[in-house]
Amino acid sequence: MTSAMFARISTPAGPIPAAAPAWNRQRHSQMPSHRYQDVYARVDVPLTERDWPTKRLTAAPLWVPVDLRDGNQALAEPMDPQRKRRFFELMVQMGYKEIEVGYPSASQTDYDFVRLIAGSDIAPEDVTIVVFTPARRDLVERTVASIDGIRNPVVVHMYTATAPVWRNVVLGKERDELRELILAGGRDVLELAGHLPNVRFEFSPEVFNLTEPDYVIEICDAMTELWEAIPERPVILNLPATVEISTPNVYADQIEYMHKNLARRDAVILSVHPHNDRGTGIACAELAVLAGAQRVEGCIFGNGERTGNVDIATLALNLHAQGIDPMIDFSDIDEIRRTVEYSNRIEIHPRHPYVGDLVHTAFSGTHQDAIKKGFAEHRARSAAEGRPASEIEWRVPYLPIDPADIGRSYDAVIRVNSQSGKGGIAYLLEADYGIELPRRLQINFARHVQQHTDITGAEIDAPQLLELFEHSYLRADGGGIELIELQTESHDGSARIRVGIRIDDTDHHGSYDGVGPVEAVTELLREHGIAVEIVSLHQTSLTTGNDSEALTLIEYRDANGTHWAGGRDRSVLTASVNAVLQAARVITTALASA
């Protein structure tokens, strides 16, 4: 069985390298690594004397989120206007002062969103709006038309790929021909938008990191001369690692070379745009800032083509962890995560730096012990110094920052796994009953388990765990709310949902077009004074003996925070509706007892 499972894997059987020390017995594999060249064989890296290794990060660069353009174009399902607007408003609320909002010549949705900014007040006057365009006159015209009437500062961002493979294979241009194409685009931008007092310009030599340094300098200097860059109206030169191909120190060398050799340097804002193909985009950005970069383009949690753009949240919170103000507010990381997940339709990995559900959770007993002792020392030091615990120096083991800084509680850190020793709470429910708990529900349910075992003083086994789970999230009593009708009909070619619910012995019915059962029952409840705001919905199965039912778990929010409720039925749709009704029962019971 094992050999069949791994039939495609070839155990390295080549010779042990002659220079290998005796303790290293690794052999040559059969991977075709000879097909690839290292970075030094692909592009000249002329810098020999480096200043960046002696530098220290002391201040945040200008952050420019590109989620609405670069991140959006990498989504399987690009954002609709509602999601895009919610994402934009989040970025404004967080404090971003320069936001790339779209590629208006590429899609009507992007064009309309820029026009929304022009015709509304959703962009505060101190927020700079960035729009993206290729170096082609008709597309530049469309881009400039989109910003007509915008009172905010605006950056028109023009790009062209400059690396040899892109020139030869994609564009079919020699160096001089491509230089003229870029300058022609720059002249179009200048002609169409140069007279606008609120507009500045940005140029990206795409695939900068694989372009000859002398050619990049030549093109960038020609653009700053054409656009008459001066300190009072600087030009942004953005240098992308479009496809990451080297260790981060090489990118730092390339940035420092540009920093030291560009003409009109005091009239240039040097920007970087790292991608994450090698998994080192964060390091590339940090070293680039040491090397002279002043501005960083990326996505809030790193969404983007292939392995993504650089992750601004990680970069900013890395600074925070070093005592440097990130200049962006991440104090409610969970609300930020929910908005990004909603807009992108992609869940954040539970181990994602800072934001993941598990990044402040210790499952190891030795780690938990050290963290508990660290918290005890922190509280004692707070009392001794007569200062709030939130203001004194942070030095709790295993936690690089105080979870409270980003709106996290301490419960998940030191209690979520305290009773999960033999297999873990989530593992037992999944292995014995097929119930897969979302990460945040694991944390929530662990509190119920902790409370139960604190009272009984006994170990909880799998059947007791299931009983406690059902009591915590699936109980049907309380609230006087039940489902009496759920039908899906066809009306004029579209789906119509008929819902009936009984509230305190009174029946209520409603018909809803173009929505699902969950939205329909939520709307019917709202019409009768019960608001259930659903944050997330997860579907799994519940197996007990020979019976198998659908299980829906919803995370919902009320004035006291977020909570969980569940519903089950042979029908997945009915299970989902039952989960909403369970949440409504809990809400009405809580209101009645308040």
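Residues numbered from 1 in each chain as written. Predicted model: local features only at pLDDT ≥ 70, side-chain atom pairs only at ≥ 80, totals over all residues. Heavy atoms only, no water.

- In the annotation of an unreviewed UniProt entry, the entry for the protein reads 2-isopropylmalate synthase, and the organism field reads Micromonospora echinospora.
- We quote the UniProt Subunit (unreviewed entry) comment for the protein here in full: "Homodimer."
- On record in UniProt, under Catalytic activity (unreviewed entry), the comment for the protein is "3-methyl-2-oxobutanoate + acetyl-CoA + H2O = (2S)-2-isopropylmalate + CoA + H(+)". (UniProt positions renumbered as here; feature names shortened; annotations may be inferred.)

So, the packing of aromatic side chains
(1) Moving on: Under the defined criterion, the tally for this structure stands at 10 aromatic pairs.
(2) Moving on: An aromatic cluster is defined as three or more aromatic residues linked by ring pairs; in this entry it consists of Y103, F132 and Y159.
(3) Moving on: Seen from the ring of Y111, R142 lies directly overhead, with NZ or CZ sitting 3.7 Å from the centre.
(4) Moving on: Positioned above the aromatic ring of Y215, the side-chain terminus of R167 is 5.0 Å from the ring centre. (Phe/Tyr/Trp six-rings, centres within 6.5 Å; stacked < 30°, edge-to-face > 60°. Lys NZ or Arg CZ within 6 Å of the ring centre and 35° of its normal.)

Things to note about the packing of helix α8 (residues 175-193) against helix α9 (residues 213-226)
(1) Moving on: At a minimum axis distance of 10 Å, the contact between α8 and α9 shows a crossing angle of 25°. Of the possible angle classes, the one that applies to α8 and α9 is roughly parallel. For the crossing formed where α8 meets α9, the hand is right-handed. On α9, the residues that touch R175, L178, R179, I182, L183, G186, R187 and L190 of α8 are D214, Y215, E218, I219, A222, M223 and L226.
(2) Moving on: Broken down by class, the residue content of the contact of α8 with α9 amounts to nine nonpolar, one polar and five charged. (Axes fitted to C-alpha atoms, helices over the stretch in contact; angles between N-to-C directions. Helix = DSSP H or I, 4+ residues; strand = E, 2+ residues; numbered from the N terminus. Parallel < 35°, antiparallel > 145°, perpendicular 65-115°, else oblique. Left-handed = near helix turned anticlockwise from the far one by under 90°. Contact = heavy atoms within 4.5 Å. Nonpolar A, V, L, I, M, F, W, Y, C, P; charged D, E, K, R; others polar.)

Observations concerning the sheet that holds strand β3 (residues 128-134)
(1) Moving on: Overall, parallel pairing links the eight strands, which are arranged β1-β8-β7-β6-β5-β4-β3-β2 in an open sheet. Only two strands of the sheet have a single neighbouring strand rather than two, namely β1 (62-65) and β2 (98-102). Adjacent strand axes in the sheet meet at a mean angle of 25°, parallel and antiparallel pairs treated alike.
(2) Moving on: As paired elements, strand β4 (residues 154-161) and strand β5 (residues 199-206) share eight bridges and run parallel to each other. Paired with A161 across the strands is E206, a residue of β5.
(3) Moving on: Each of β2 and β3 is contacted by helix α5 (residues 108-118), which is oriented at about 135° to β2, the strand it contacts most.
(4) Moving on: Each of β4, β5, β6 (235-241) and β7 (268-274) is contacted by α9, which is oriented at about 165° to β5, the strand it contacts most. (Pairing = 2+ DSSP bridges.)

Quick look at the UniProt feature "binding site: Mg(2+)" (unreviewed entry) in the protein
(1) Moving on: Under the UniProt annotation, the feature "binding site: Mg(2+)" (unreviewed entry) is placed at D70, H273, H275 and N309. Taking the farthest pair of C-alpha atoms as the criterion, the annotated set spanning 240 residues converges on one region, since that pair is 10.9 Å apart.
(2) Moving on: Residue placement: H275 occurs in the loop between β7 and α11 (281-290).
(3) Moving on: Ignoring sequence-local partners within four residues, the contact set of H275 consists of D70, A241, T242, E244, G281, E305, R306, G308 and N309.
(4) Moving on: Along the chain, the position of N309 falls in the loop between β8 (295-298) and α12 (312-320).
(5) Moving on: Excluding residues that lie within four positions of it along the chain, N309 makes contacts with D70, G71, H273, P274, H275, N276, G298, C299, G302, N303 and G304.
(6) Moving on: Within the structure, N309 has its side chain in polar contact with the side chain of H273 (distance 3.1 Å). (Polar contact = N/O pair within 3.5 Å; in protein donor to acceptor, adjacent residues only side chain to side chain.)

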